[in-house]
Amino acid sequence: MIDMILFGVFPYVAVALAVAVGIYRYCFDRYSYSSQSSQFLESRALFWGSVPWHYAILLVLLAHLLAFLFPAAWGTLLGAPGRLYLLEVSGMVLGVVTCIAMLVLIFRRAANDRVSAVTTRVDWLLLVALLVQVATGVFIAISMRWGGFWYVHTVSPWLWSLVSFSPNVDYLASMPFVVKLHAVNAFFLVALFPFSRLVHVVSIPLAYIARPYQLVVWYRQRKQV
Ligand code: HEM
């Protein structure tokens, strides 16, 4: 029963909340759709936390996504020992980078008075949930070899069963506690998405790549000398 709630019902609730509240917030509070930078208040620790965090987590999530979307091809890719070691070791290194970066970002918000003053309770909740997510991910990668491989026979079919609206929670029900925590916390992050600064994920200013560069011009008449 509890497995059904956690792995068969909660994911839908989380996605529904993310979409519904996300759209509501976009329509009625559009200017809050950002991560509200605190770079003016502190930039050094932000650089060493934020930059590695974003590169590493994007690559880790890309691997999660590819293994979910193309399980057969992913299984073939990991079929040769050389490629398996390369991908697993890269995944672990990236995972450790995400953990260290997350600790830097948490320390920055706790230790710097100016940054801490603009940090909300939801920000703290998000940071802790992200730390739990990456720490459990690395723990799984290190302690339950070879995750990239068994992922395609357990996690992928579970996620596909959710996508096809016929949830099969058996895939996750027999998993160790830490895998269950990693899975539930992932959907907790999805639920947190519309209530937190995570919404900036869908507000990447892609138009900036193609738009003409900004010209700053005098608005008033300059004094003639
Ligand atoms: C918010 C979404 C998620 C984030 C941020 C995340 C993060 C991570 C990180 C940082 C790692 C360690 C790096 C690695 O070895 O690849 C990892 C590994 C792993 N994650 Fe996730 N994860 C997410 C969602 C999920 C979900 C929904 C599942 C399903 C149970 C899952 C299953 C796994 C598995 C099996 C591993 C071990 C992979 C291996 O040994 O190579 N993850 N995750």
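Residues numbered from 1 in each chain as written. Predicted model: local features only at pLDDT ≥ 70, side-chain atom pairs only at ≥ 80, totals over all residues. Heavy atoms only, no water.

### Quick word on the overall build of the chain
Moving on, step 1. The secondary structure content of the chain amounts to 11 helices and zero strands.
Moving on, step 2. The N-to-C order of helical and strand elements in the chain reads α-α-α-α-α-α-α-α-α-α-α.
Moving on, step 3. When the backbone C-alpha atoms are referred to their principal axes, the chain occupies close to 80 × 40 × 40 Å.
Moving on, step 4. Looking at the chain as a whole, 36% of its 225 residues are labelled buried. (Helix = DSSP H or I, 4+ residues; strand = E, 2+ residues; numbered from the N terminus. Buried < 20%, exposed > 50% of the residue type's maximum accessible area, 1.4 Å probe, protein only.)

### Regarding the packing of aromatic side chains
Moving on, step 1. The final tally for this structure, using the stated rule, is eight aromatic pairs.
Moving on, step 2. Ring geometry for Tyr 12 and Phe 165: centres 5.6 Å apart, planes at 15°, overall stacked. Placement of Tyr 12 in helix H1 (residues 2–28) and of Phe 165 in the loop between helix H8 (155–163) and helix H9 (170–173) is noted, with a sequence separation of 153 residues between them.
Moving on, step 3. For Phe 165, a relative accessible area of 65% gives the class exposed.
Moving on, step 4. Within the aromatic cluster, the residues linked to one another by ring pairs are Phe 7, Trp 158 and Phe 187.
Moving on, step 5. The side chain of Arg 145 reaches across the aromatic face of Trp 146, ending 5.5 Å from its centre. (Phe/Tyr/Trp six-rings, centres within 6.5 Å; stacked < 30°, edge-to-face > 60°. Lys NZ or Arg CZ within 6 Å of the ring centre and 35° of its normal.)

### Some points on the site of the ligand
Moving on, step 1. Close to the ligand lie 24 residues; His 64, Glu 88, Gln 133, Gly 147 and His 182 are nearest.
Moving on, step 2. The separation between an oxygen atom of the ligand and a polar main-chain atom of Gly 147 is 3.4 Å.
Moving on, step 3. Elements with a contribution of two residues or more to the shell around the ligand: helix H2 (44–69), helix H4 (81–111), helix H6 (121–143), helix H7 (147–151) and helix H10 (177–192).
Moving on, step 4. It is H6 that contributes the most residues to the shell around the ligand, six residues altogether.
Moving on, step 5. The class makeup of the residues in the shell around the ligand is 14 nonpolar, nine polar and one charged. (Near = heavy atom within 4 Å. Polar contact = N/O pair within 3.5 Å; in protein donor to acceptor, adjacent residues only side chain to side chain. Nonpolar A, V, L, I, M, F, W, Y, C, P; charged D, E, K, R; others polar.)

### Looking at the packing of H1 against H10
Moving on, step 1. Where H1 contacts H10, the axes come no closer than 7 Å and their chain directions differ by 20°. When the axes of H1 and H10 are compared, the pair comes out roughly parallel. Relative to H10, the crossing made by H1 is left-handed. Contacts between H1 and H10 pair Asp 3, Leu 6, Phe 7, Phe 10, Pro 11, Ala 14, Val 15, Leu 17 and Ala 18 from the former with Lys 180, Ala 183, Val 184, Phe 187, Phe 188, Val 190 and Ala 191 from the latter.
Moving on, step 2. The class makeup of the residues in the contact of H1 with H10 is 14 nonpolar, no polar and two charged. (Axes fitted to C-alpha atoms, helices over the stretch in contact; angles between N-to-C directions. Parallel < 35°, antiparallel > 145°, perpendicular 65-115°, else oblique. Left-handed = near helix turned anticlockwise from the far one by under 90°. Contact = heavy atoms within 4.5 Å.)

### Re the coordination of the iron atom of the ligand
Moving on, step 1. Protein coordination of the iron atom of the ligand is provided by His 64 (NE2) and His 182 (NE2), with donor distances spanning 2.0 Å.
Moving on, step 2. Coordination at the iron atom of the ligand is octahedral, judged from the six donor atoms that bind it and the angles of 87 to 179° they form at the metal. Placement of His 64 in helix H2 and of His 182 in helix H10 is noted, with a sequence separation of 118 residues between them.
Moving on, step 3. His 182 sits in the buried class, given a relative accessible area of 16%. (Donors = N, O, S within 2.8 Å, 3.2 Å for Na, K, Ca; no water. Tetrahedral: all angles 85-135°; square planar, octahedral: opposite > 155°, others 65-115°.)

### Thoughts on the UniProt feature "transmembrane region" (unreviewed entry) in the chain
Moving on, step 1. Summarizing the sequence annotation, UniProt attributes the feature "transmembrane region" (unreviewed entry) to residues 6–24, 45–69, 89–110 and 122–142 in the numbering used throughout.
Moving on, step 2. End C-alpha atoms of residues 6–24 are separated by 26 Å, and the span's content is 100% helix alongside 0% strand.
Moving on, step 3. With 100% helix and 0% strand, residues 45–69 has end C-alpha atoms that lie 36 Å from one another. (UniProt positions renumbered as here; feature names shortened; annotations may be inferred.)

### Some thoughts on the packing of H2 against H4
Each pair of packed helices gets described by two things: the angle between the helix axes and the distance between those axes.
Moving on, step 1. Contact geometry for H2 and H4: axes closest at 8 Å, N-to-C directions at 145°. Considering how the two elements wind past one another, H2 and H4 form a crossing that is left-handed. Contacts between H2 and H4 pair Ala 45, Leu 46, Trp 48, Gly 49, Ser 50, Pro 52, Trp 53, Ala 56, Ile 57, Leu 59 and Val 60 from the former with Leu 94, Gly 95, Val 97, Thr 98, Ala 101, Met 102, Val 104, Leu 105 and Arg 108 from the latter.
Moving on, step 2. Of the residues contributing to the contact of H2 with H4, the split by class is 15 nonpolar, four polar and one charged.

### As for the nonpolar core
Moving on, step 1. Phe 7, Trp 150, Trp 158, Leu 159 and Val 179 are the most contacted members of the largest nonpolar core, which has 25 residues in total.
Moving on, step 2. If one sorts the elements of this core by residue count, H10 sits on top with six residues.
Moving on, step 3. When residues no more than four places from it in sequence are discounted, the contact partners of Trp 158 are Phe 7, Pro 11, Asn 168, Val 169, Tyr 171, Leu 172, Ala 183 and Phe 187.
Moving on, step 4. Core analysis: the next-biggest nonpolar cluster, separate from the first, contains 21 residues, Tyr 33, Cys 99, Ile 106 and Leu 192 among them. (Core = buried A, V, L, I, M, F, W, Y, C linked by side-chain atoms within 4.5 Å.)

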